[in-house]
Each structure stands twice: as C-alpha cells, then as structure tokens.
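Architecture at a glance
So you can see what is in the structure, the chains are spelled out below.
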Amino acid sequence: MERKTDYDQIEKRAKGRRMAVRTVTYVLLTIWAVMVLFPFYWMLLTSVKSYGAYNSEYIPKFFTLSPTMENYVDAFTTVSLGKYLANTLIFTVITTGIMLFVVILAAFAFARLEFKGKNIVFLIFLSLMMIPNELVIITNFVTVTNLDMRNTFQGLILPSVMSVFYIYLLKENFEQIPDGLYRAAKVDGTSDLKYLLKVMIPISRPTLITITILKVIECWNSYVWPRLITDDPDYYLVSNGIQEIRENGFGRENIPAMMAAVVVISVPLILLFLVFRKKVMEGVARGGTKG
Amino acid sequence: MSRKKFRDGSLKGWLYLLPALLFLGAFMVYPLIDVFIYSFEEGYNSASQTYFGIGSYNYAYVLHDPYFLQAVKNTFLLVIITVPLSTGIALLISVGLNSIKPLRNLFQTVYFLPYVTNTLAVGLVFMILFKKTAYSDGFINLILHWFGQGPIDFIDGPYWAKMFVLCFYTIWVVMPFKILILTSALASVNQEYYRAARVDGTSGFRIFMRITLPMISPMIFYLIITGFIGAFKAYSDVVALFGTDLNGAQMNTIVGYIYDMLYGDSGGYPSYASAAAILLFAIVLTITCINLLISKKSVND
Amino acid sequence: MEVVLQNLTKKFPSRDRKSRHEVIAVNDFTFQIPDGKLIGLLGPSGCGKSTTLNLISGLEKPTHGRIFFGGDDVTDLPPENRGIGLVFQNYALYPHLTVKQNILFPLQNLKGKDKLSKEAMLEKAMEAAKMVQIDELMDRKPSQLSGGQQQRVAIARALVKMPRVLLLDEPLSNLDARLRLQTREEIRRIQRETGITTIFVTHDQEEAMSISDLIVVMREGVALQIGKPQEVYDSPANLFVAKFLGTPPINLFNGRVKEGRIYIGEDPVLEIKGEEDGEVYVGVRPEGFVPDRKGALCCKLKGIEVMGRDISIVSENPSSLNPTVRAIIGTENKLNLEQEAWGEENEVRFSLIPHKVFLFDRETEERIQFEERGL
C-alpha cells in the first residue's frame, strides 16, 4: 500500500513539472510572437490614425476609435506610391522571367547534356556562388553608368538577373529525374528541347515555384542596386520610394501617411507568403539566405 | 563521326549555357577582375576615366579614413553582439517550438513573417517605435517610463542607444531564417534516441546537452557562419533606421562605406570603394575560414 | 521482323583516368534473331546484355559492326526511326502525366505523314491499353498504380506505335515474386498475340528459361551459348553456362579421368569411352544423383530438407568445389532413400545419371564431350 502512494506522489510531481515546463514554453513563445507581430500591428494602427490625432498623442495610444483611410489616399496622391509599386512590379516580373529562362537552360545543360568542359564550367559556377555582391557591384555601377543605362529598366534589371545558386538547385533537381525517362523519350523520338519542356519542367514544377517565389521576394525587397542606379523618382522601386518618402515626402513628419505606404508595400509579399507558406519555407530552408 | 558528335553534343551544351555565361561574364566575372584593378589604380577620376599610377595608395587611404574605421568598429560590434545572441535565442525558441503540438504551425508562420517583409519598410516602423521627437517620446520610451527610466533618444541620441536599436532590429530580421533551420534540424533528429534516453532515465537537460545539441551542431555552425557573413554585410537595415547619411550618424557599416564612396554626396571614388570592398571580402573570408576550422575541430571531437 | 547483329562491338572509354584501357562492353557479337520469337539475353550484371539492348534500340552507337532489321541496315538510324518499343527496368513512366497521356506520348511525337488525328491516337492508345488490360486505369497517375500496373502501362506505351521489335530491359526485376510469375506469363501472351519479335534482358535464368524461345547466355561482352532453353540447360557449352543455369546450381567437383573412368576423389563414378586421362572438373546437376547403397560416390550427410514436391539431400565431399553437395530427389523416392542410401556413420552413397554429368577442361573450362560405357 505504501509503495502505491509513493507512485502516486511521483506521478503527481512529474505531472506538475510537465505543466510548469509547458506553461513556461508557451509564455516564452508567445512573447516572441508578440515581438514579431507588434511592429506590424503598430504600422497598421498608425496608418489609420489621422494626422492630427497622431500628433496630439504625446503618450501613444494602443488603439484608435476613429480609424481613417485618408492616409492611404495621401500615400497614393501626395507621393507617387502607385508609380513605385508599378515599377517594382515590372522590375520583379521581368527580372524573374529572364532569370527563369537563363537558369532553366543552364541547369538543363549541366544536368542532361554532355559536352566538353562541362565539369570545369560547373566548378567555376559553384565558386562564383561565394562571391559577395558587394565586390562586383562597383564595376557594375560603372558599367551601367558608362552604358548610359542609369534610370532605365535595363540598367535595373540586367545585373539583377543572375543567381548561380538557383542553377545549382535546379540542376540537382533535374538530375533526380530518372535517366530512364530521357531514354524512353529518345526512343519515342523526343528532341532535347521538347523533353525539357514537356517532361523536365513539369516534373520540376515544385522547385521552379520555389525558385520563383524566392526571386520575387529578393526583387521586391531589393534596395542597394536600385538606389545606386536610379536618382529619378520615376524609376524608384518601393524600397527607394519608402526611403525617399522618409527623407523628403509628406513634409517629413506625416508619420501616419508614411505607415500607410509601408502597409501598402508590405501587403503583397505577406499575401504571397501566406498563400505559398509551405513552398516559401521549404525553399528558404534549402538554402536561401536573405540578401 | 567526330565532327557530327561535336555538333550534336558540345555545341548544343554551350548553346544552352550561353545566356547564363553572358550574364555571369558581364556582371560577375568581369567585375570581379575589374574591382582588383580599380583598387590598385591611384587617383582614378571617374569623369575622365584616367589614373596616375598603380599602387596600394587606395588601401592606405581607406585604412586611415576615420569614417572607415568607424564603419569597421560598428560592423564588428554588430557581428559580435547579434550572431551569438540571435543564434542562442533562435535555438531556445526552436526547442520550445519543437516540444509543443497545438499552435505550433501558427507560431511558425508568425515567426517567419519578418523574412518576407521589406527591410526598409519595417525598419521605418522600428524607427518610429524607438524615436523620441518633440511631440512624443515614442512607444519604447513609454515602456521605459513604466519602469521608471528616463526617455532616451534611440535614433538620434547616444551611440550605445543607436547600437542597441540596430542590434535589436538586426536580430529581429535574421531570426526567421535561424528558427526555420533549427526547427527543421531538431525535427529531423531520430525520435528513437529520445525514447532510448528517456528509458534510461536521462534528465531533460542532459538529453538536450548530450543528444540534441551534438546532433544539430552542424546546423548551428552553418547558422553561425552564414550569420557572420550576413552581419558583416549589414547595410539596408542600418539605412532603414538611421537614414542615408550614416557617416553623420556615426552608424555607418563597411558596406555602407563602400556605397557612400561609390555614389551619393561623398561619392565618385570607385577606387576607394574597390579597396574597401576587397578589405571586406578579406575580413569575411578570414573569419569564415576560422569558423570552418573551429567547426571542423569541434564536430570531429 | 528478323533482327541480325553482325560483329557488333561496343567499347567505352575507361572511367579510370589513369589507365587508358577501354572497357569492351560487347565484343564481336554476331547473332540472328528469327522473326516473331521471344529471345532472352541472359547473364550476370556487367556482362554487356543491357549494352546490347541499347545498341539494338539505337540509344547507343556501336564501335564496330552493323545491325539489320529484316534486311534494312539500321545501324545509323536514330532510335525513333527504327520502329522499336522499349520497356525499362524502372518503367520510366512520366510521373506528371496520366496513364493515357503516357501511352499517347510516343504517338504525339510522330511527324509528317505519320502524324495521326486525335481520334486515331486515342483509338490506338485504347487498343494498347486493352491489350495489357489497363483500360480501366487510363486517368490515373503512375504514382497511384501498383508496380505490376505500372509495368503494364510501360508495355502499352512501348506497343502503341506497333513496333517492329520490342525490347524489354529487366522487365520483371522490380516486381515481387508472385507478380513476377504472373507478369512473365503476360509478356509471353502479349508476344504471342502480337507476333512482335521481342528481346528481353534479364539476369534471372529461371525467368529467361521459362518464357524464351531462345536464350543467349552472355559473359564479358561475349555470347557464350545460344539455343533453346532446354538444350542449353541439358548441354552447356562450358563451365560458366553450366554454373549459370539451374537452381539449385550444378554441383562441381575436382575430378580426373583415368583409364576410361571418371573419378571424384577415389570414387570411380562413371565409366566412359576413349577419353584421354587428365584432371577435369566434374559437374553434376542436382537431379543427377540417385541415392544408392552400392553407389560409387560417397558423401558425408549434413541434412535433409523436405520441400514438399521434392527433397534436398545436403552432404559434403572433400573434392567438391562448393561448400555442400546438394542432390534433389523426388518425394516418391523417400522410401528408397531411407532403406537404400545410408552407409556407415552418416555416409550417403549416390550413383550418377550419366546425361546429368558434364566434364569440363581445367584450363579452357570448355565442355569435354564423352560417351558412357555403362556401369
């Protein structure tokens, strides 16, 4: 009988400890979640406060009872946020499109075709992966300037196209497609190009989607290159636009309008992420580092 | 036969590779060679594209430039503070995340959000949260006030306060990647090790130290190495917080120095920029090599 | 369609950079495949059988030699113009296409005057699918099919163009034992119905023996023996073929011929006519042993395995080249076995059935023909 109570005691204590650990875990996780979400909340909140209300709050308020959309209207009318968004969209779509074209062809050559010097070229490609952007951006800046391509889409897009890592990623994926498929297609008289289009690309669709999403994120957030290469607001992307707004737009202190602009440029990517949550996280885990 | 083979195989391969080769050649290989040349051309004038001579003057200039030294100091501080802190916190969060079932997906999604947001845009929000203006002390100072601390201007105030904001924001930005990598590393540890350890009556802490940590140590090293590289290249988050006049704010980083040399109010000196870029590359390469050596050694032990 | 291989040779550059030796995958292979037959190319892995198949399909080009399909020289034709169908070991079905789209795929590649209308293509695909009995599964994806079903789809895809020659590369090796039996009968049936000359590659001798009209045993790029399965089994040309065919495998002994007798150890097992004296290998098929108290071959009994249909007697002999000697006896001999075979101290004695005994030269490993004299 005594032993039995002992066990009960142990069980109770263990249960208590488990509960405590669990509670602490959830509390910590929630704290971090709040720290992540709070800036988003704050920008939403500020963006719907009216200019007057915001500036009269010496002690910031955590909510507002009279939300207004006027800041959003301001964001599109006072500064050319619409223009920036359109520019970024054009830049993102074209850059990603060219990137896909180049990457697919190169990955196919490495994965499927046999030619002299393939291994050496691939090795060079791999070593280029380690070269930081900062090292090449200087010459690119000079090149684009000399070619008179400042403040043009060509100047923005061309140096932003290449991502050696994606060639590597796609090549690995292409190589996982069984050799038998290629030989089967050959027996059926399928040309290399047709095999690429009708078999390899459809099979590798998940990887292609991942690559596309990662590149879109990269384009949407790119700041350094556009900043160097554009000083005409007509060619600003959103990152440069937001910097411009911060320093010169809205008469500097119209923070609610600024926040409205921030919300507008943040929403597309957040939506993209929520829709393709799995793909994005998978892709990033496979080797995307930010920047 | 051999000619036909060439036409069939080699030519086709190179043809498919051609676009990639063009892009890489024009915007990576050529610039890579060129940046070295620039860095040794003394007195390069970008308007007339002339230079006086070849030498190491550019390096000497950069190394004696107080702005560069300030940038190096800032960058090193940022690296030393944020890399260990962010990796440690990410590990803590990932372990917590891995031990729960309900709400796990929700937490994971929320934690990943900073990855997909525009650094510049959210940096602006941080700036507003931390900034003290004539109209308002700002949100962070409100919290400090609750704890009886005086208002501090984090954005235009003392150096340590600015550094604090920068580190805080940097950690906030890099956390999603680290949490993601560590949670998937933790999830891939074979559950049977845990069961075996539990049957042996091993305590939770001991399980973590003796089983979990060694199992995921390669991933931790990977994060530390990429973390170092990333933090050394810090720039856009600094711009987001302190604006483009970073030298004035005493908050410039090495990358910021490079760009300022290249373009902007103090720009027009690609030679100095090149020298600084190569110095940065050398620093990053050295540190990465040291990291690799250490990680190899401790993984082998 | 008659298929003729003439002095076919394929050399590959060596993988090893240091040595400049070439690997000869197929060596001077000449063979005529009669129209409408099912041929099994048989050999251990690396013997060149798959390369031979690839040469016939056109996926690889021979270093020397020519290939003829019914009189046409197809050596330089690309695979798609040869009129072949090829079934792969892993089936090689396109995972992103449905069964129907997979079967249609070869037809959609046809160009010029061979181009078919959509309806004609569908009809042909249905026909091929019916042939292999997968017409119910047309809208599934390969991943939703069992291994056997995938195999059928692969066959249907190979058949849909009505090839002149059907090539199967290890078609059964990815199936489990039960399905393998069923599928090989299926292949036999389809081959009979279509009358297409079919060549299939396998390393499984039982598979090759059971359905082929002719088998070709290959080793190191050379065809060692070609013939009807039973003939090859009953009369192997050399030691390798004898060892390769038959389960359980043939029992080999060090033996010698002396004064018209074959000796295993000190036991004179057979009397033969007019053979020179010398050291030989003696091969005895498992069914060539008859338990016999007065038998000449004396072995040490290790155990008896009852398999139902027949019995294995496992024993040891000092001259045996295998760890154990395995004899297979029909169950009806059980009585006989208990009474007859046992000698002293776990000894078992056998007499040998002469046409189940083969002699091989020690040097060349070629078969030595002999004539028995009777005991």
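Residues numbered from 1 in each chain as written. Chains lettered and ligands numbered in written order. Predicted model: local features only at pLDDT ≥ 70, side-chain atom pairs only at ≥ 80, totals over all residues.

1. Here we look at the overall build of chain C
To keep things clear, this is the line we draw: The secondary structure listing takes helices from DSSP runs of H or I that are at least 4 residues long and strands from runs of E that are at least 2 residues long, numbered from the N terminus. Exposure in this text rests on C-beta crowding, where 20 or more other C-beta atoms within 10 Å of a residue's own make it buried, 12 or fewer make it exposed, and counts in between make it partly exposed. The C-beta atoms are placed from the backbone.
A count of helical and extended segments in chain C gives nine helices and 22 strands. For chain C, the C-alpha atoms occupy an extent of roughly 80 × 45 × 40 Å along the three principal directions. Put simply, chain C has 375 residues, and 42% of those count as buried.

2. Considerations on the overall build of chain A
This is how it is decided: Atoms considered for the radius of gyration are the C-alpha atoms alone. The globule rule reads 2.2 Å times the number of residues to the power 0.38. Whether two residues are in contact is decided by their C-beta atoms, placed from the backbone, lying within 7 Å.
Summing up its helical and strand segments, chain A has 15 helices and zero strands in all. Against the 2.2 N^0.38 benchmark of 19 Å for 291 residues, chain A shows a C-alpha radius of gyration of 26 Å, more extended than a compact globule. Across its three principal directions, the C-alpha atoms of chain A cover 80 × 70 × 35 Å. Counting all 291 residues of chain A, 43% fall into the buried class. The contacts in chain A between residues at least 6 apart in sequence include a share of 76% that link residues at least 24 apart.

3. Quick look at the interface of chain A and chain B
The parts lose accessible area when they come together, and the size of an interface is often stated as this lost area. Rule in force here: Ten residues, namely Ala, Val, Leu, Ile, Met, Phe, Trp, Tyr, Cys and Pro, are considered nonpolar, four, namely Asp, Glu, Lys and Arg, are considered charged, and the remaining ones, Gly among them, are considered polar.
If you look at the interface, chain A gives 72 residues, while chain B gives 72 residues. For the side of chain A that touches chain B, the leading source of residues is helix α1 (residues 2-47) of chain A, giving 11 residues. A per-class count over the side of chain A that touches chain B returns 52 nonpolar, 10 polar and 10 charged.

4. Regarding the nonpolar core
Filter applied, for reference: Think of a nonpolar core as buried Ala, Val, Leu, Ile, Met, Phe, Trp, Tyr and Cys residues, each tied to the set through C-beta atoms within 7 Å. Each domain's limits were defined by an automated method or a database of domain assignments.
Counting residues in each nonpolar core, the largest one holds 267 residues, and the members touching the most others are Ala261 and Val262 of chain A together with Leu124 and Ala276 of chain B. Top contributing element to this core by residue count: helix α7 (residues 159-187) of chain B, with 15 residues. Here this core spans two domains, and each of domain 1 (2-47) and domain 2 (73-288) of chain A adds at least three residues to it. Once residues lying within four places of it in the same chain are set aside, the contact partners of valine 262 of chain A are Met43 and Ile242 of chain A together with Ala121, Leu124 and Val125 of chain B.

5. Let's talk about the interface of chain C and chain A
On the chain A side, the residues contacting the 15 residues of chain C number 13 residues. Every element with two or more residues in the side of chain C that touches chain A is listed here: β6 (84-87) and α2 (99-108) of chain C. Split into classes, the residues belonging to the side of chain C that touches chain A amount to 10 nonpolar, four polar and one charged.

6. Section: the confidence of the model for chain A
What counts is decided by this rule: Confidence of the predictor in every single residue is expressed as pLDDT, which spans 0 to 100.
Per-residue confidence for chain A gives a mean pLDDT of 87; residues scoring 70 or more make up 95%. For chain A, helix α2 (residues 51-56) of chain A is the element with the lowest average pLDDT, namely 81, and helix α4 (residues 81-112) of chain A is the one with the highest, namely 94.

7. Here we look at the sheet that holds strand β13 (residues 267-273) of chain C
All names here are of chain C. What counts is decided by this rule: Only strands joined by at least two bridges in the DSSP assignment are considered to pair.
A sheet is described by the order of its strands in space; here seven strands give the open sequence β21-β20-β14-β11-β12-β13-β22, paired in antiparallel fashion. Bordering the open sheet on either side are β21 (367-368) and β22 (371-372), each of which pairs with just one other strand. Note that β13 and β22 share two bridges and pair antiparallel. Paired with isoleucine 272 across the two strands is glutamate 372, which belongs to β22.

8. What to know about the packing of helix α13 (residues 238-247) of chain A against helix α5 (residues 119-130) of chain B
For clarity, the cut-off: Angles here are taken between N-to-C directions and fall from 0 to 180 degrees, while the axes themselves are lines fitted to C-alpha atoms, restricted in helices to the stretch in contact. Note on angle classes: values under 35 degrees are labelled roughly parallel, values over 145 roughly antiparallel, values of 65 to 115 roughly perpendicular, and the remainder oblique.
Their axes nearest at 8 Å, the elements α13 of chain A and α5 of chain B cross at an angle of 30°. It follows that α13 of chain A is roughly parallel to α5 of chain B by the angle criterion. Contacts between α13 of chain A and α5 of chain B involve Ser239, Ile242, Gln243 and Arg246 of chain A on the former and, on the latter, Leu120, Ala121 and Leu124 of chain B. Grouping the constituent residues of the contact of α13 of chain A with α5 of chain B by class yields four nonpolar, two polar and one charged.

9. Focus: the domain arrangement of chain A
Residue and element names in this part refer to chain A. One can read the domain layout of chain A as domain 1 (2-47) and domain 2 (73-288). Domain 1 and domain 2 are separated by 40 Å when their C-alpha centres are compared. On the side of domain 2, six residues touch domain 1, which itself brings four residues to the contact. For the side of domain 1 that touches domain 2, a count of residues per class yields two nonpolar, two polar and no charged.

10. A few points about the packing of helix α14 (residues 255-275) of chain A against α5 of chain B
Short version of the rule: Handedness of a crossing follows from how the near helix is turned relative to the far one, being left-handed for an anticlockwise turn of less than a right angle and right-handed for a clockwise one.
It is at 9 Å that the axes of α14 of chain A and α5 of chain B come closest, and there the two elements cross at 150°. α5 of chain B is crossed by α14 of chain A, and the crossing has left-handed handedness. Facing Ile255, Met258, Val262, Ile265 and Ser266 of chain A of α14 of chain A, the residues of α5 of chain B in contact are Ala121, Leu124, Val125 and Ile128 of chain B. Residue composition of the contact of α14 of chain A with α5 of chain B, by class: eight nonpolar, one polar and no charged.

11. Considerations on α2 of chain C
Residues and elements named next belong to chain C. In terms of burial, α2 is largely enclosed, as eight of its 10 residues are buried. What α2 keeps buried is the set Val99, Lys100, Asn102, Ile103, Leu104, Phe105, Pro106 and Leu107. If you follow the buried residues of α2, they end up packed against α3 (118-131) and α4 (147-159).

12. What about α3 of chain C?
Residue and element names in this part refer to chain C. Just so we agree on the cut-off: Helix span, expected: 1.5 Å multiplied by one less than the number of residues in the helix. By construction, the arc corresponds to the directions joining the helix axis to the C-beta atoms.
In this model, α3 (14 residues) spans 20 Å end to end at C-alpha, consistent with the 20 Å of a helix rising 1.5 Å per residue. For α3, the full list of buried residues reads Ala125, Ala128 and Ala129. Taken around the axis of α3, the buried residues stretch over an arc of 100°, which confines them to a single face. Within α3, the exposed residues directed more than 90 degrees away from the buried face are Glu119, Ala120, Glu123 and Lys130. The inward-facing, buried residues of α3 abut α2 and α4. Where α3 ends, the next residue or the one after it, glutamine 133, has phi of about 60°, a positive value.

13. Brief notes about the pairing of strand β12 (residues 261-264) of chain C
Residues and elements named next belong to chain C. Here four bridges tie strand β11 (residues 251-258) to β12, and the two strands are oriented antiparallel to one another. When the sheet's bridge partners are listed, lysine 258 is paired in β12 with arginine 261. In textbook terms, the turn of a hairpin is the stretch between consecutive antiparallel strands, and for β11 and β12 this stretch comprises two residues, one of which, glutamate 259, has a positive phi near 50°. Relative to β13, β12 runs antiparallel, the two being bridged by four bridges.

14. Digging into the environment of leucine 124 of chain B
Mapped onto the elements, leucine 124 of chain B comes out in helix α5. Using a count of 24 C-beta atoms within 10 Å as the deciding quantity, one classes leucine 124 of chain B as buried. Expressed as a C-alpha distance, the spacing of leucine 124 of chain B and tyrosine 111 of chain B, which sit 13 residues apart in the sequence, is 19 Å. Discounting chain neighbours no more than four positions away, the residues touching leucine 124 of chain B are Ile242, Arg246, Met258 and Val262 of chain A together with Ala240 of chain B.

15. Re unusual backbone geometry
Residues and elements named next belong to chain C. Of note, the amide linkage connecting threonine 247 to proline 248 takes the cis form, showing an omega dihedral of -10°. Examined against the element boundaries, proline 248 turns out to sit in the loop between α8 (239-244) and β11. Even without glycine at this site, glutamine 133 takes up a positive phi of about 60°. Relative to the elements of secondary structure, glutamine 133 occurs in the loop between α3 and α4. On the basis of neighbour counts, which here come to 13 C-beta atoms within 10 Å, the residue glutamine 133 falls in the partly exposed class. Phi at glutamate 259 takes a positive value of approximately 50°, unusual for a residue other than glycine. With respect to the element layout, glutamate 259 can be found in the loop between β11 and β12.

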